[in-house]
Amino acid sequence: MADALHLDAVGQKQQHSKAKRIALEIFAIILMLVVLSPFVIVLFNSAKTFDHITRDPVSPPENWENLRINIEAVMHDPTTDFIGAFKDSTIITVLSLVVIVIFSAMAAWVLVRNKSKFSNFTFMMFVAAMVIPFQVVMYPLVYFLKSIGDFLGTRMLGTYHGIVFAYLGFGCSLSIFVFHGFIKSIPLALEESAFIDGCSQPGVFFKIILPLLVPTITTVAILNGIWIWNDYLLPLLVLGGNGEVQTIPLAVTAFAGSYVKQWNLIMTAALLAMVPIVVLFIFAQKYIIRGMVEGAIK
Amino acid sequence: MKRSKVWDAVFLAPCIFALIMVVLIPFVQGVSFSLTDWNGVRSEIHYVGFDNYKDMFNSVEFLYSFRITLLYTLINVIMVNIVAFLLALLVTSRVRGKNLYRAAFFVPNLIGGIVLGYTWQFMFNDFFTAIGKSLGIGWMSSSMIANKNLVLLAMSIVNTWQYAGYIMLIFVAGIQSTSQEVMEAATVDGASYIQRVVKILIPMIASSFTISLFLTITNSFKAFDLNVALTNGGPSMRFMGSVVKSSQLLALTIYNKSITSKELAKGQAMSVVFFLMLVVFSLLQVYISKKREVEA
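Residues numbered from 1 in each chain as written. Chains lettered and ligands numbered in written order. Predicted model: local features only at pLDDT ≥ 70, side-chain atom pairs only at ≥ 80, totals over all residues.

Novice: What should I look at first to understand the nonpolar core in this one?
Specialist: The nonpolar side chains of a soluble globular protein tend to be buried, and buried together. One finds Ala107, Trp109, Val252, Ile266 and Ala270 of chain A together with Met168 and Phe171 of chain B to be the most contacted residues of the largest nonpolar core, which totals 172 residues. Counting contributing residues per domain, this core is built from domain 1 (2–75) and domain 2 (82–258) of chain A, each supplying no fewer than three. If near-sequence neighbours (up to four positions away) are discounted, phenylalanine 171 of chain B is found in contact with Ala84, Phe85, Ala88, Ile205, Ser208 and Ser212 of chain B. (Core = buried A, V, L, I, M, F, W, Y, C linked by C-beta atoms within 7 Å. Buried ≥ 20, exposed ≤ 12 C-beta atoms within 10 Å, placed from the backbone. Domains from an automatic or database assignment. Contact = placed C-beta atoms within 7 Å.)

Novice: Looking at this model, I keep getting lost on the pairing of strand E2 (residues 242–245) of chain B. Mind explaining?
Specialist: Each regular strand carries side chains that alternate between the two faces of the sheet. Looking at chain direction, strand E1 (residues 236–239) of chain B and E2 of chain B are connected through four bridges and run antiparallel. Bridge assignment links methionine 237 of chain B to a residue of E2 of chain B, and that residue is valine 244 of chain B. (Pairing = 2+ DSSP bridges. Helix = DSSP H or I, 4+ residues; strand = E, 2+ residues; numbered from the N terminus.)

Novice: Help me understand the environment of serine 247 of chain B in this model?
Specialist: Residues and elements named next belong to chain B. Here serine 247 is to be found in the loop between E2 and helix H11 (250–260). In the structure, serine 247 is positioned 244 residues away from arginine 3 in sequence and 55 Å away in space, judged by C-alpha atoms. With residues near it in sequence (within four places) discarded, serine 247 still touches Val151, Leu152, Met155, Asn227, Thr231, Gly233 and Gly234.

Novice: Can you walk me through the packing of H11 of chain B against helix H12 (residues 264–295) of chain B in this structure?
Specialist: A packed helix pair is summarised by two numbers, namely the angle formed by the two axes and the spacing between the axes. Residue and element names in this part refer to chain B. Close contact between H11 and H12 brings their axes to 7 Å; oriented N to C, the two are set at 155°. The angle between H11 and H12 falls in the class roughly antiparallel. Every pair of crossing elements has a handedness; the one defined by H11 and H12 is left-handed. On H12, the residues that touch Leu250, Thr253, Ile254, Lys257 and Ser258 of H11 are Leu264, Lys266, Gly267, Gln268, Met270, Ser271 and Phe274. Considering only residue class, the contact of H11 with H12 consists of five nonpolar, five polar and two charged. (Axes fitted to C-alpha atoms, helices over the stretch in contact; angles between N-to-C directions. Parallel < 35°, antiparallel > 145°, perpendicular 65-115°, else oblique. Left-handed = near helix turned anticlockwise from the far one by under 90°. Nonpolar A, V, L, I, M, F, W, Y, C, P; charged D, E, K, R; others polar.)

Novice: In this structure, what is going on with the interface of chain B and chain A? I would like to understand it.
Specialist: A common way to report how large an interface is uses the accessible area buried once the components associate. Counting from both sides, the interface comprises 83 residues of chain B and, opposite them, 80 residues of chain A. If you tally residues by element for the side of chain B that touches chain A, the top one is helix H1 (residues 5–33) of chain B, at 19 residues. Of the residues assigned to the side of chain B that touches chain A, the class counts are 58 nonpolar, 16 polar and nine charged.

Written out as structure tokens, the structure reads:
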């Protein structure tokens, strides 16, 4: 794989080829530094006082102690509850992923195994729904969720269960599609023998199918997780810009709105928003990259 | 024991229920609202047929936004795919530490448009201009996102920085699935590197190009978060005798129309056109992929 593209003709002098490779490596390193530089700029400017950043946004910070001061200022800001937003983003992302993964896998399994016109139609309906952009449904959705809430006597807007339900609706199509592709390759014999042994249908699913789906579950969780964690418009409409439940993108927007031009604090807020996902990426790099590619190619 | 219809229904129910409630019913409502004069708040509502659509195609704001959204999409398709393909060549070449570069180029993709938008707003408004001023470089001393002629390009640069690493991975997957032998045979036959890439590699990974092309098209066409946080549509300019916001892409125009300025029905009409454009893109993609399968 690595040598799919020989940069030099076979038989050329090795010396020449080595020089070329080193030149290419230097280029790659410079390019990498350029791509990563905005992160360094955010870090540097998060460690500056307001006076310093206004005077000089380019040079490195004079005193790293300011980073701690800025982080505390952002964390304890009375208007935007950053710590609360971290908690809410985590709860919403995790709950949505659990719900999306389990329900989509269940639906995809039935759609693969139960071959009927209804199954085909349902599968096509999920696939077709992927084309619908959020802009068409956003207002009716909020309006509708509000009326369902009033009807059922439970609030759907501004609550965890309301937004998780919305994410299930928007996330299940792609997830079913990805699971569907994988489940087709699982031999039917496995489940049939379990049924013969007297296993119930939920038993077969949870004991036999779900464990086989683990690699696909990571793919589905990564695709949906990155989207939900970073999503802005759906939480803005379903949770409201200054509701009790807030996500990180909402908190960052609110923060940037109330601290106009205080770039040292806005950069600190951006830094705090970036850190968890970058740390996660460092540890789960292999899975994240594989998940993103599989999700796109399927 | 065997499969039962009841359990099948129970297993399907949650997703079907959520899809109907969250996507399908609001979709039908959304399309029907576009045929009314409802503002989203008051209780009065009248059927007006296709008036909103007729008005829309006479609205300078919509026409301008539609135009720049297509332009923005075109710039991104070209920039993202070229950069991503070159990056893919780099990280599949013989350089050492490929995985490190691959990961580094991909990182911007993990951060959301809102956070990146504010970061790059600072970069364009303060960081680059400070460098420009201290070095005495005239064009760098004023912000790109405050210039109505450059703001779309600035947004495309940020989008390319964010998205090229992802598209690169798709090209890498394509390159890795091709056989080395053909490339090696061409090398033996004396084909230059560029000849091998253009004549052999690109045709072999044509399906990766289809995927990348359509991912970039839909991603740029639907751009919203970055648009809000980086420019929020600004700066204003004159277009066909009216004042328009020079970088307000379609998704943001729809949001402002429906939610901010309380002209819901007009916003819904725009969103239906927006939807139809995405349908056209998707059908085109399906058609091209099917055609390729038949040929192959």
